[in-house]
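Summary of structural features
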Amino acid sequence: QVQLVESGGGLVQAGGSLRLSCAASGRAFSTDVMGWFRQAPGKEREFVAAKNWNVLRAYYADSVKGRSTISRDNAKNTMYLQMNSLKPEDTAVYYCAAAIRYPKSVADQYEYEIWGQGTQVTVSS
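One structure accompanies this document, and this report is about it.

Conventions we followed
Residues numbered from 1 in each chain as written. Predicted model: local features only at pLDDT ≥ 70, side-chain atom pairs only at ≥ 80, totals over all residues. Heavy atoms only, no water. Phe/Tyr/Trp six-rings, centres within 6.5 Å; stacked < 30°, edge-to-face > 60°. Helix = DSSP H or I, 4+ residues; strand = E, 2+ residues; numbered from the N terminus. Buried < 20%, exposed > 50% of the residue type's maximum accessible area, 1.4 Å probe, protein only. Pairing = 2+ DSSP bridges. Core = buried A, V, L, I, M, F, W, Y, C linked by side-chain atoms within 4.5 Å.

Examining the packing of aromatic side chains
The geometry of an aromatic ring pair is captured by two quantities: the separation of the ring centres and the angle between the planes. One pass over the full model with this rule turns up five aromatic pairs. Arranged with centres 5.1 Å apart and planes meeting at 75°, the rings of F37 and Y112 form a pair that is edge-to-face. One end of the pair, F37, is in strand 4 (residues 33-39); the other, Y112, is in the loop between strand 9 (92-99) and strand 10 (114-115), and 75 residues separate them in sequence. Overall, the relative accessible area of 0% leaves F37 in the buried class. According to the relative accessible area criterion, Y112 is buried, its value standing at 5%. Seen from their ring centres, Y112 and W115 are 6.2 Å apart, and the 65° between their planes marks the pair as edge-to-face. Residue W115 is classed as partly exposed on the basis of its relative accessible area, which comes to 22%.

Re the pairing of strand 7 (residues 68-73)
Summarising the sheet, strand 7 and strand 8 (residues 78-83) pair through six bridges and their orientation is antiparallel. Note that in strand 8 the partner of R72 across the bridge is M79. Count of turn residues in the strand 7/strand 8 antiparallel hairpin: four residues, of which N77 carries a positive phi of about 50°.

Concerning the nonpolar core
L4, M34, W36, M79, L81, Y94 and Y112 are the most contacted members of the largest nonpolar core, which totals 34 residues. Of all the secondary-structure elements, those providing two or more residues to this core are strand 3 (18-25), strand 4, strand 5 (46-52), strand 8, strand 9 and strand 11 (119-124). By residue number, the principal contributor to this core is strand 9, which donates six residues.

So this is what it looks like as structure tokens:
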């Protein structure tokens, strides 16, 4: 059974750091492209970061570029999102996702077929 499970969210003060984890099973971890999206209350889900693990190219939204790093541990079948210098506007539910077919755009949520249940990140000012 294909499954993605996020963890690592929580409450953090502005300027702090968090590392989100996405544990993958089955086919999800064998895909070339996996990424992170987030959804704040009352807003659309938006792209945060993604990586083509075949060519090791990472992509980041402008809002997190320079503050976040996407990585993964193949031995643990786990992908990570390290976020530093967190801001209140980073508050959202964060989702990891995997694209079975190579996406036309890594920032397009509709190109991803497998999703986790999400983990809440709250940044206080």
